[in-house]
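Examining the three-dimensional arrangement
Listed below are the residues making up each chain.
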Amino acid sequence: MAKEVIVLLGAGKMGLAIVRRIASGKKVVLGDLSSKVLETAKEELLDAGFDVDIKIVDGSNRRSITEFAEYAASFGQISRYIHTAGVSPNMAKPEDIIKVDLIGTAIALEVFRDYIGNGGAGLVISSQAGHMIPFAADFEKQLAQVPADELSDLAEIKAVDNSGYAYGMAKRANIVRVQHEAILWGDKGARINTVSPGIIITPLARHELQAQPESYARMIEASATGRTGTPDEVARAGEFLLSDDSSFITGTDLLIDGGVMAAIKAGRYQLGM
């Protein structure tokens, strides 16, 4: 008997933490651009008793993402799709952030919409950065609705020349894109949501913290909780949004930032401090 298939694109710590909570007795298919990351993740999950296969995927390329979806679907019905593929502002150029985090995510949502099963659910890991920069309503509508392969033609996207701004734009695009995709996924009998983590300690986040230690320290101190978060805390939220317990939740974003945005809105912390 074919198993339900859990798909993770972007084999980072947060995505793997979610997989560990939902994939018992199911088939796990991992995709990432790095063969080293994939092999390490596969071994960790195999050692924990999971049934795992892997495939190298370019998260910015439609053909590669489609081949990955077809590969995952060859094992059975895809019931859960988790998207964490992305690059950080201190490790990538603006054009690469737009290509992977913004356009690549939009492509993946279009592709996996055709493969998700009835009753299935998807989850995109966005970021608190998607709540920090205001964008015009007309531009947000374009980010949500313009076909993924045409997004690079938008003048506002062509003009981006700063990695931090590109990251905020990409993460805002993830949120509004998922809200729009929820209608289309709903036509397939499936749901899709985003979570927007704040400062969650992963290898990628540690690199960001080391690059801007004083800025992040002030942000953490000003936040409502006064601390960083962990992948397991995001995973608990992800598990809920992917479960049948959240069957009436779709097209929504859950901010998991320890109260950073609350501090900003209360005037306790200002961006660029």
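Per an unreviewed UniProt entry, the chain is named Short chain dehydrogenase, and its organism is Streptococcus gallolyticus.

Describing the side chain of S126
Among the structural elements, S126 can be located in the loop between β5 (116–125) and α5 (137–145). In terms of polar contacts, S126 uses its side chain to reach the backbone carbonyl oxygen of K171, at 2.9 Å. The residues contacting S126, other than those within four sequence positions of it, are K171, N174, I175, V195, S196 and P197.

Some points on the sheet that holds strand β4 (residues 78–83)
An order of β3-β2-β1-β4-β5-β6-β7 is seen for the seven strands of this open sheet, with the pairing classed as parallel. In the strand order of this sheet, the two ends are held by β3 (51–56) and β7 (253–256), each with one partner. Taken pair by pair, the neighbouring strands of this sheet meet at an average axis angle of 15 degrees, ignoring direction. Across five bridges, strand β1 (residues 5–9) lies against β4 in parallel orientation. Looking across to β4, one finds that I6 is bridged to R80. Helix α2 (residues 35–47) rests against β2 (27–32) and β3 of the sheet, and its axis sits at about 175 degrees to β3.

Overview of the packing of aromatic side chains
Across all of its chains, the model carries five aromatic pairs by this definition. Centre to centre, the rings of F68 and F112 are 6.0 Å apart; their planes meet at 70 degrees, and the pair counts as edge-to-face. Of this pair, F68 sits in helix α3 (residues 62–73) while F112 sits in helix α4 (residues 94–113), and the two are 44 residues apart along the sequence. Classification of F68 as buried rests on a relative accessible area of 0%. Ring centres 4.0 Å apart and planes at 15 degrees place the aromatic pair Y81 and F112 in the stacked group.

So, helix α10 (residues 231–242)
The terminal C-alpha atoms of α10 lie 16 Å apart, and with 12 residues this matches the ideal 16 Å at 1.5 Å per residue to within 8%. Those residues of α10 that fall on the buried side of the exposure criterion are P231, V234, A235, A237, G238, L241 and L242. The buried residues of α10 all sit within an arc of 165 degrees when viewed along its axis, so they share a single face. Considering only its buried residues, α10 is in contact with α1 (13–22), β4, β5, β6 (191–197) and β7.

Thoughts on the environment of V160
With respect to the element layout, V160 can be found in the loop between α6 (155–158) and α7 (163–186). Once the C-alpha coordinates of V160 and P94 are considered, the two residues, 66 residues apart in sequence, prove to be 6.8 Å apart. Not counting residues up to four positions away in its chain, the partners in contact with V160 are P94, Y165, A166 and M169.

Overview of the packing of α1 against α2
Where α1 contacts α2, the axes come no closer than 12 Å and their chain directions differ by 25 degrees. With respect to α2, the element α1 is oriented roughly parallel. Both α1 and α2 take part in a crossing whose hand is right-handed. Mapping the contact onto sequence places K13, L16, V19 and R20 in α1 and A41, E44 and L45 in α2. Here the contact of α1 with α2 is composed, by residue class, of four nonpolar, no polar and three charged.

The rules we used
- Residues numbered from 1 in each chain as written.
- Predicted model: local features only at pLDDT ≥ 70, side-chain atom pairs only at ≥ 80, totals over all residues.
- Heavy atoms only, no water.
- Helix = DSSP H or I, 4+ residues; strand = E, 2+ residues; numbered from the N terminus.
- Polar contact = N/O pair within 3.5 Å; in protein donor to acceptor, adjacent residues only side chain to side chain.
- Contact = heavy atoms within 4.5 Å.
- Pairing = 2+ DSSP bridges.
- Axes fitted to C-alpha atoms, helices over the stretch in contact; angles between N-to-C directions.
- Phe/Tyr/Trp six-rings, centres within 6.5 Å; stacked < 30°, edge-to-face > 60°.
- Buried < 20%, exposed > 50% of the residue type's maximum accessible area, 1.4 Å probe, protein only.
- Expected span 1.5 Å × (residues − 1).
- Arc of directions from axis to C-beta.
- Parallel < 35°, antiparallel > 145°, perpendicular 65-115°, else oblique.
- Left-handed = near helix turned anticlockwise from the far one by under 90°.
- Nonpolar A, V, L, I, M, F, W, Y, C, P; charged D, E, K, R; others polar.

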